[in-house]
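Coordinate analysis (summary)
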Amino acid sequence: MSDSERSVDFKTSKLGTKEYWDNFYKLEHDNFVENPEDIGECWFDESNAEEKMVDYFFDNLTQHFPNPHVCDLGTGNGHLLFHLYEEGLRGELIGVDYSETSLEFASHIAKNKDYNVRFERSDILDSKDSFLRSNIEKFDIILDKGTLDAIALSDTLYEGNLTGHQIYPMRIVELLKQNGVLLITSCNFTEEELTHHFTKDHLFREFGKVDYPKLEFGGRKGSTICTMAFQKL
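Residues numbered from 1 in each chain as written. Predicted model: local features only at pLDDT ≥ 70, side-chain atom pairs only at ≥ 80, totals over all residues. Heavy atoms only, no water.

Per an unreviewed UniProt entry, the chain is named Protein-lysine N-methyltransferase EFM4, and its organism is Pichia kudriavzevii. On record in UniProt, under Subcellular location (unreviewed entry), the comment for the chain is "Cytoplasm". UniProt lists a comment for the chain under the heading Sequence similarities (unreviewed entry), and it reads "Belongs to the class I-like SAM-binding methyltransferase superfamily. EFM4 family." (UniProt positions renumbered as here; feature names shortened; annotations may be inferred.)

Section: the overall build of the chain
Summing up its helical and strand segments, the chain has eight helices and eleven strands in all. Relative to its length of 233 residues, the chain is compact, with a C-alpha radius of gyration of 17 Å against a globular reference of 17 Å. Projected onto its principal axes, the C-alpha positions of the chain cover 50 × 40 × 40 Å. Counting contacts in the chain only where the partners sit at least 6 residues apart, residues at least 24 apart contribute 75% of the total. A total accessible area of about 11700 Å² is found for the chain, and carbon and sulfur atoms account for 47% of it. Averaging the locations of the 24 positively and 43 negatively charged side chains of the chain gives two centres separated by 4 Å. (Helix = DSSP H or I, 4+ residues; strand = E, 2+ residues; numbered from the N terminus. Rg over C-alpha atoms; globule rule 2.2 N^0.38 Å. Contact = heavy atoms within 4.5 Å. Areas by Shrake-Rupley, 256 points an atom, 1.4 Å probe, with all protein chains shown as cover. Lys, Arg positive; Asp, Glu negative; His and termini not counted. Charge placed at Lys NZ, Arg CZ, Asp CG, Glu CD.)

Regarding the environment of Val117
Among the structural elements, Val117 can be located in the loop between α4 (100-113) and β3 (118-121). Val117 sits in the buried class, given a relative accessible area of 9%. C-alpha of Val117 to C-alpha of Leu93: the two residues are 24 residues apart in sequence and 5.3 Å apart in space. (Buried < 20%, exposed > 50% of the residue type's maximum accessible area, 1.4 Å probe, protein only.)

Focus: the packing of aromatic side chains
As enumerated under the stated definition, the model contains 14 aromatic pairs in all. Aromatic pair Tyr20 and Phe24: ring centres 6.1 Å apart, planes at 25°, arrangement stacked. Of this pair, Tyr20 and Phe24 both sit in helix α1 (residues 18-34), four residues apart, roughly one helical turn. Judged by relative accessible area, which is 17%, Phe24 ranks as buried. An aromatic cluster of at least three residues, connected via ring pairs, comprises Tyr20, Trp21, Phe24 and Tyr25. The side chain of Lys52 reaches across the aromatic face of Tyr212, ending 5.3 Å from its centre. Seen from the ring of Tyr85, Arg90 lies directly overhead, with NZ or CZ sitting 3.7 Å from the centre. (Phe/Tyr/Trp six-rings, centres within 6.5 Å; stacked < 30°, edge-to-face > 60°. Lys NZ or Arg CZ within 6 Å of the ring centre and 35° of its normal.)

Notes on the state of the cysteines
For the structure shown, the criterion picks out zero disulfides. Of all cysteine sulfurs in the structure, the one in Cys187 sits closest to Cys226, which takes part in no disulfide; the separation is 8.9 Å. (Disulfide = S-S within 2.5 Å.)

What about α1?
Working note: α-helix, 3.6 residues per turn, so residues spaced by three or four point in the same direction. With 17 residues, α1 extends 24 Å from end C-alpha to end C-alpha; this agrees with the ideal 24 Å at 1.5 Å per step. Those residues of α1 that are buried lie in contact with α4 and α6 (147-151). (Expected span 1.5 Å × (residues − 1).)

Here's the deal with the pattern of salt bridges
On inspection of all chains with the given rule, the structure shows 15 salt bridges. Two residues, Glu174 and Arg133, come together in a salt bridge whose shortest N-O distance is 2.8 Å. With a gap of 41 residues between them, Glu174 in helix α7 (residues 164-175) and Arg133 in helix α5 (residues 130-134) connect regions that are remote in the sequence. Accessibility expressed as a relative area gives 22% for Glu174, which makes it partly exposed. (Salt bridge = Lys/Arg side-chain N within 4 Å of Asp/Glu carboxyl O.)

The structure is reproduced here in structure tokens:
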């Protein structure tokens, strides 16, 4: 069995619970109230992943979607959307999260900076979720910076006894327009695993990827993080 064909199996973790993220973003929001310059943690900052995602977005996606409808799944503090906005991206920019405290924090930052970015609560893994149902085939581009990673650490099961990360590609397909693109960054999945995960059911094709420095260990080369783009078929 090749690496890409392995079933991805993660141990559950508190990072896969809503309680953890509610508490995390409450603390970040409290810090922001005390110091408006503190807009929270930038995930994968040590790998410069957000900058690479933004560069890839403008270099490869805006030519296909000049005035895009963009959704950031698991938006957290909204950092990625704010970065895109600061670089000049306009269009409809929406961040969604299942943590109410993260949305309060992100909305507070947007209001404070007068950014035209809005936030809504959603658990898109729930097939009856109101945001999911009201935004079918709405978005040109969906962003994910670590959200699938967190979902894969949850022990919650959904219809068909499926895990969240098994359902995830189907939900992305529902939200994306035809030929829309998912731009995703992960530290838990390899490039091969992400490609298999999103293409095995013929829902997506690989659209592109970001190059990161390669590390060598035990005679094998790889990266601690990967960023890939997949286009809905």
